[in-house]
Amino acid sequence: METYIVRVNGKEYEVEVEMVGGGAPAAAPAAAPKAAAAAPAKKAGGSGTAVTTGTAGKVFKLVASEGDAVKAGDTIVILEAMKMEIPVVAPADGTVSSIVVSEGEDLASGATVAYLG
């Protein structure tokens, strides 16, 4: 059995790997918990001011839509993390030029959810 340190989104996990039947290593059942990963964007990107998450979580609800005018502090998306609803807000006044996530996606802390133009 070999022990490895795995770093996911800046957080370290210790993982034990055991060689099974001469094949490839298999992760031990007590491996690190699954970390939230940034979901692939619906669009190939965006331009303007990025609206990013402050914490990891699942996209619970899209509040704003593309083309909506928003002011700094307006909610764009609501995340669900640990049974709490956490708003992701516009960092500045502008118009939502693109939403790059969809409801139900798991996101890492710092993931971009939208762009303001």
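Bear in mind that the values here come from a model prediction, so they are computed numbers and not experimental data.

Procedures and definitions
Residues numbered from 1 in each chain as written. Predicted model: local features only at pLDDT ≥ 70, side-chain atom pairs only at ≥ 80, totals over all residues. Heavy atoms only, no water. Helix = DSSP H or I, 4+ residues; strand = E, 2+ residues; numbered from the N terminus. Buried < 20%, exposed > 50% of the residue type's maximum accessible area, 1.4 Å probe, protein only. Contact = heavy atoms within 4.5 Å. Pairing = 2+ DSSP bridges.

Novice: Would you mind showing me how to read the environment of Gly110 here?
Specialist: Tracing the chain through its elements places Gly110 in the loop between strand 10 (106-107) and strand 11 (112-116). Since its relative accessible area comes to 44%, Gly110 is described here as partly exposed. Taking the C-alpha atoms as reference points, Gly110 and Asn9, 101 residues apart in sequence, are found 9.7 Å from one another. What Gly110 contacts, discounting residues up to four positions off in sequence, is Thr52 and Thr53.

Novice: What is the right way to read the sheet that holds strand 8 (residues 84-89) from this model?
Specialist: Paired through backbone hydrogen bonds, the strands of a sheet run either parallel or antiparallel to each other. Ordered by their spatial adjacency, four strands build an open sheet running 8-7-5-10, and the pairing between neighbours is antiparallel. If you trace the sheet from one side to the other, it starts and ends with strand 8 and strand 10, each paired once. As judged from the six bridges shared by strand 7 (residues 75-81) and strand 8, these two strands associate in the antiparallel manner. From the neighbouring strand, Ile78 faces strand 8, where its bridge partner is Pro87.

Novice: Can you walk me through the sheet that holds strand 6 (residues 69-70) in this structure?
Specialist: Reading across the sheet, the four strands line up as 4-11-9-6 and stay open at both edges, with antiparallel pairing between neighbours. Each edge of the open sheet carries a strand with a single partner, namely strand 4 (49-52) and strand 6. Two strands pair when backbone bridges link them, and strand 6 and strand 9 (residues 94-99) are joined in this way by two bridges, in the antiparallel orientation. Looking at strand 9, one finds that Val70 is bridged to Gly94.

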